[in-house]
Amino acid sequence: MSPEGKNLADPNDPQNARQVSPADYVANLRTIIGKLKKTGAALIWRDTTPVPQGAQGRIADDSVFYNQLAREVINEVGGIAVDPMHDYASEDPIAGQQRPANVHYTNEGSAKLAEHVAAAIREQL
């Protein structure tokens, strides 16, 4: 974010900052998990997919950092299944389906990701 609140600002500009700081991310995740656990629903954490080099307004591989923060909270809280989507999305043939310098996928890649998500959900039902 830029000082003016512009989203997808250049992450290399020292005046810009992450939209959500790591500390706020962890606090937000704890709050969300607390609320969801009260519902009694089966919970599944899905890692975020890779952030490639050149993705506008993003720091390459930041997904690895934030996924690690999330995993620490998930492990501490317990009772939440984990879908390692980042690992899956990094494997062939999915890796080749991510758009260049973009966090989004081709239609074919999105369909494969959806199949993976559906399988992870079925496994927990």
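These notes cover the structure that comes with them. (Residues numbered from 1 in each chain as written. Predicted model: local features only at pLDDT ≥ 70, side-chain atom pairs only at ≥ 80, totals over all residues. Heavy atoms only, no water.)

With that settled, the discussion passes to the packing of aromatic side chains. A full pass over the atoms with the stated rule returns two aromatic pairs. With centroids separated by 4.9 Å and ring planes inclined at 90 degrees, the aromatic side chains of Tyr25 and Tyr66 adopt a geometry described as edge-to-face. Within this pair, whereas Tyr25 is found in helix 1 (residues 22-37), its partner Tyr66 is found in helix 2 (residues 62-77), the two being separated by 41 residues in sequence. Given the relative accessible area of 11%, Tyr66 is considered buried. Ring centres 5.3 Å apart and planes at 85 degrees place the aromatic pair Phe65 and Tyr66 in the edge-to-face group. (Phe/Tyr/Trp six-rings, centres within 6.5 Å; stacked < 30°, edge-to-face > 60°. Helix = DSSP H or I, 4+ residues; strand = E, 2+ residues; numbered from the N terminus. Buried < 20%, exposed > 50% of the residue type's maximum accessible area, 1.4 Å probe, protein only.)

Turning to helix 1, a few remarks are in order. For helix 1, built from 16 residues, the straight-helix expectation of 22 Å at 1.5 Å per residue is met to within 8% by its first-to-last C-alpha distance of 22 Å. Here the buried face of helix 1 lies against strand 1 (44-46) and helix 2. (Expected span 1.5 Å × (residues − 1). Contact = heavy atoms within 4.5 Å.)

Any functional reading would require information that these geometric values do not contain.
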